Each structure stands twice: as C-alpha cells, then as structure tokens.
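Topology and contacts: notes
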Amino acid sequence: MRNITIHLPKRLEIGAGASARVGQIVEAERIFVLATPHTAVFAQKLGLTGQITVFDDLPGEPDIACLEAALAAARAARPDLVVGLGGGSAMDVAKLVAALWDGDQTLAEVAGPNKVAGRRTALVQVATTAGTGSEAGIRALITDPGAGAKIAVESPHLIADLAVLDPVLTFSVPPAVTAATGIDAMAHCVEAFTNINAHPVIDGFARMGIDLVGRFLKRAVQDGTDTEAREGMMLASFYGGICLGPVNTAAGHALAYPLGTLLHLPHGLANAIIFPHMLAFNESSVPDKTAEVAAALGLSGDLAKAAHRFCEDLGVEMRLSAHGATEDQLPRFAADAHAIRRLMNNNPREMSVEDVLAIYRAAF
C-alpha cells in the first residue's frame, strides 16, 4: 500500500439548516463572500455579522480575469474571513482569494502542486450544489482562455477551516443541473476508484459516493425538496472531493475539460456526456471495479448503452451536437484532452489521440 496524505476541512457541518450557524462558528470583522448571481441571496442566511462584502460576478467557468477582479475586490475589503458560497466555481475562486489577496504571489507562481506559500485568512466553504466536492479538497481550477486550458493549483493551504453541507441550499437547483452535477460527483468517485493510483482507503470513500448516487440521484432530480436525497447527494459530492486529493481523476475529466474551455459547457454537463463512454472504454482494464459501479447504479446489459440510458433518463442531453459542437471541432478537443497528461496518465487503460477522438465522435 503506497503512502498517501488525506487533507480534510478542519470542521464539517452537515444537515438541513446547518448554513445558518456559520456566523456562530466563525467570528470575523470583515467578511468577503464569493458567490454567483444565483447564490448571492444565500449570504443573508449564514448568520454572519460584521462588515460583509459580496462579490457575485462569477461565471460558471471562472477565468484569469475573473480571479483578478475578485482579488482586487478582496484587497479593497481586506477580509479576515473569505466565504465560498456556491458550486465549484465559487469555492475554487474563494480558495485562491483567501490564499493570495494579502500576499505577493501570482496565479502563475502558485500553479501546480505545493507552491502556495501560506494563508492567513480564514476560509469557509458553503456548498450550494452537489457535484464538484470542492469544499472537501485542496485543488482550485481556473480557466486560461488564451491557452484554452485549465490552470490547476494544489496546496494544503487551500483547505477550508469550515465546510458546510446544507441540503436546503440545493432545493432550488433545477433538475437538469442536479442531474449533471450529480453525475460529476459520481465521475470523481468512479475515476478515482478505477485509477492506476487507486488506494484502498480512497476506494472506501469512492464506494460510498457511488452507492449514494445510485440510491439518491434520481430522487433528487424528481423532487428537488427531497431532503434525504439532497443530503445523500451532498455527501456523495463530498466523498468525491476527498477522492480527488490523494488519487485525482483520470481520462474522463481530461476529455471533459475541453468541452468547458472551448465549447463553454458547464463542468458537470461535460462530465455527464463523457461518463458512459469512459466507463465502457476502461471496463476491460478494471472489470471487477467496473462491475461494482454497474451494480451500484443498477446497470445491466451492454455497459455503454446502459450507462448512457442512466444519464439520459435523468434528463441530461447527451449529444454534443445539441450543445453547439461541430464535427470539425472534435480533433481540437481530442488534441487538447490528450495533452492533459496529469489526468490522462492516471487512466487504467492507455488512450491514443485516435481513441479520444472516437469517444468524442460517439458522443457527437
């Protein structure tokens, strides 16, 4: 068993209404909240006191310019607490703002593993979706529009002091987004579970996450106010976030990234479209674990078709062409995905550029 390190938030609050206790748990004079236009309204539900600044100009796929604007706003506010309030986009930007606003390091200087010098500002992550698991992790991703790629920052200094999983905050997430983000959470677990760097401890978190998705995702899509299902999916997302730290994802996420950076698809949707194809592609290399995934999700028969139907039945539009992709874009997608070696090298089955292109064509 290889050595691994697992970083977890210092404190985790779970349950309906948990978000209202944030102000009681973490006291601060100046608070900087990172949110989206849709999640900013929740800031008033966190029980915060003091001087509160809300920065809500966050798109679905934050880029370098967005981070720079958030850092400028944070420097004006001089917070002693940063709160990420939203999905992965808000929480990833919150990590970087908390670590960088009062120092002299740039994004370019901290890109990669273990380059963040430190963090003096408290960080609270309040998830409002169940997908990325960013509240659990030490990574932050920012889009570089010039390169058409993601910049990944990884550091234990990005871990939250407090993470909050309040299913009530996900009640208003639309069914299609619930489905796509839920499949993203599952993809984190599956890709870590079937990874060449898989570890028995992380396998345990992955199995729990996959099981929760199989039990609760359909219910959460069908009834957004099903508290048990919403809480189950938030836990699945959290477990997926834990999987990302010591193991990370693999080719599935590599194939999803160009769909975000070049086609501008939301991250969860991109992963949902790719998931059935990668599950089937890797089956021959990890048959036993793939069989476990299929059993947990209730898949039978032809794996690719069954997994595709699983996603489609949740209301996900699975055709790239329906999302604006054109056939002439596919080779660029394939070249970019294949170049993401930090993920492609984790895959249990080696992939050529032609293999990647074949999957995009199958998803077209």
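So, how was this worked out
- Residues numbered from 1 in each chain as written.
- Predicted model: local features only at pLDDT ≥ 70, side-chain atom pairs only at ≥ 80, totals over all residues.
- Heavy atoms only, no water.
- Helix = DSSP H or I, 4+ residues; strand = E, 2+ residues; numbered from the N terminus.
- Contact = heavy atoms within 4.5 Å.
- Areas by Shrake-Rupley, 256 points an atom, 1.4 Å probe, with all protein chains shown as cover.
- Lys, Arg positive; Asp, Glu negative; His and termini not counted.
- Charge placed at Lys NZ, Arg CZ, Asp CG, Glu CD.
- Core = buried A, V, L, I, M, F, W, Y, C linked by side-chain atoms within 4.5 Å.
- Buried < 20%, exposed > 50% of the residue type's maximum accessible area, 1.4 Å probe, protein only.
- 1 Å grid on protein atoms, 1.4 Å probe; cavity = no way out; pocket = protein on both sides within 12 Å on 5 of 7 lines; lining within 4 Å.
- Points joined across faces, edges and corners; volume = space filled by probe spheres on them.
- Nonpolar A, V, L, I, M, F, W, Y, C, P; charged D, E, K, R; others polar.
- Pairing = 2+ DSSP bridges.
- Axes fitted to C-alpha atoms, helices over the stretch in contact; angles between N-to-C directions.
- Parallel < 35°, antiparallel > 145°, perpendicular 65-115°, else oblique.
- Salt bridge = Lys/Arg side-chain N within 4 Å of Asp/Glu carboxyl O.
- Polar contact = N/O pair within 3.5 Å; in protein donor to acceptor, adjacent residues only side chain to side chain.
- Patch = residues over 30% accessible without salt bridge, like charges linked within 9 Å, V, L, I, M, F, W, Y side chains within 5 Å.

1. Brief notes about the overall build of the chain
In terms of helices and strands, the chain carries 14 helices and nine strands. Once the C-alpha set of the chain is aligned to its principal axes, its extents read approximately 55 × 45 × 40 Å. Excluding contacts between residues fewer than 6 apart, the proportion of contacts in the chain whose partners are at least 24 apart in sequence is 75%. As displayed, the chain has an accessible area near 14200 Å², and 52% of this comes from carbon and sulfur atoms. In the chain, 28 side chains carry a positive charge and 39 a negative one; their mean positions are 3 Å apart.

2. Looking at the nonpolar core
Ranked by internal contacts, the top residues of the largest apolar core, which has 79 residues, are Leu-320 and Tyr-360. At ten residues, the largest contribution of residues to this core is made by helix α6 (residues 200-222). Leu-320 has contacts with Leu-259, Leu-263, Leu-265, Ile-273, Ala-325, Leu-330, Tyr-360, Ala-363 and Phe-364, leaving out every residue within four places of it along the chain. Among the nonpolar cores identified, the runner-up in size contains 30 residues, and Leu-58, Ala-77, Trp-101 and Val-153 belong to it.

3. A word on empty space enclosed by the protein
Enumeration according to the criterion identifies four cavities of 30 Å³ or more in this entry. Of the volumes computed, that of the largest cavity is approximately 140 Å³. What lines the largest cavity is a set of 14 residues, among which Val-190, Glu-191, Met-278, Leu-279 and Asn-282 lie closest to the centre. No other element matches helix α9 (residues 267-282), which puts six residues into the lining of the largest cavity. Looking at the lining of the largest cavity residue by residue, the classes come out as eight nonpolar, five polar and one charged.

4. Points about the sheet that holds strand β7 (residues 139-144)
Taken together, three strands build an open sheet; the order of strands is β5-β8-β7 and the sheet is mixed. Where the open sheet ends on each side, the last strands, each with one partner, are β5 (112-113) and β7. As paired elements, β7 and strand β8 (residues 149-154) share six bridges and run antiparallel to each other. Bridge assignment links Ala-140 to a residue of β8, and that residue is Val-153. Lying over the sheet, helix α3 (residues 88-100) contacts β7 and β8, oriented at roughly 100 degrees with respect to β7.

5. What about the environment of Phe-216?
With respect to the helices and strands, the residue Phe-216 is situated in helix α6. It is 35 Å that separates the C-alpha atoms of Phe-216 and Thr-49, two residues lying 167 residues apart in sequence.

6. So, the packing of helix α5 (residues 175-193) against helix α8 (residues 251-261)
Each packed pair of helices is defined by two parameters, the angle between the axes and the distance between the axes. Across the interface, α5 lies against α8 with an axial gap of 9 Å and an inter-helix angle of 140 degrees. The angle between α5 and α8 falls in the class oblique. On α8, the residues that touch Asp-184, Ala-187, His-188 and Glu-191 of α5 are Ala-251, Gly-252 and His-253. Looking at the contact of α5 with α8 residue by residue, the class counts come to two nonpolar, three polar and two charged.

7. Some points on the sheet that holds strand β2 (residues 30-35)
Strand order in the open sheet formed by six strands is β1-β9-β6-β4-β2-β3, with parallel pairing between adjacent strands. The outermost strands of the open sheet, each flanked by one partner alone, are β1 (11-14) and β3 (51-55). Going across the sheet, the axis of each strand differs from the next one's by a mean of 15 degrees, ignoring polarity. Looking at chain direction, β1 and strand β9 (residues 162-165) are connected through four bridges and run parallel. Directly across from Arg-11, in β9, lies its bridge partner Leu-162.

8. Thoughts on the pattern of salt bridges
For the coordinates displayed, the defined rule picks out 16 salt bridges. With a closest N to O distance of 3.1 Å, Asp-211 and Arg-215 form a salt bridge. A residue pair is termed a helical-turn pair when its members lie 3 or 4 positions apart in one helix, as Asp-211 and Arg-215 do in helix α6 at four residues. The partly exposed category is assigned to Asp-211, whose relative accessible area is 32%. Residues Glu-317 and Arg-319 are paired through a salt bridge, measuring 3.0 Å at the closest nitrogen-oxygen approach. A network of salt bridges, in which partner residues are shared, links Lys-10, Arg-119 and Asp-161.

9. Notes on the side chain of Thr-121
Of note, Thr-121 is situated in the loop between β5 and β6 (122-127). Given a relative accessible area of 4%, Thr-121 falls into the buried group. A distance of 2.8 Å separates the side chain of Thr-121 from the side chain of Trp-101, its partner in a polar contact. Leave out the neighbours within four places in its chain, and Thr-121 touches Pro-79, Asp-80, Leu-81, Val-82, Ala-98, Trp-101, Asp-102 and Asp-161.

10. Topic: a nonpolar patch on the surface
A surface patch of nonpolar side chains, amounting to about 390 Å² of accessible area, comprises Met-1, Ile-6, Leu-8 and Val-201. Positionally, Ile-6 belongs in the segment before β1. Ile-6 gets classed as partly exposed once you look at its relative accessible area, which sits at 31%.

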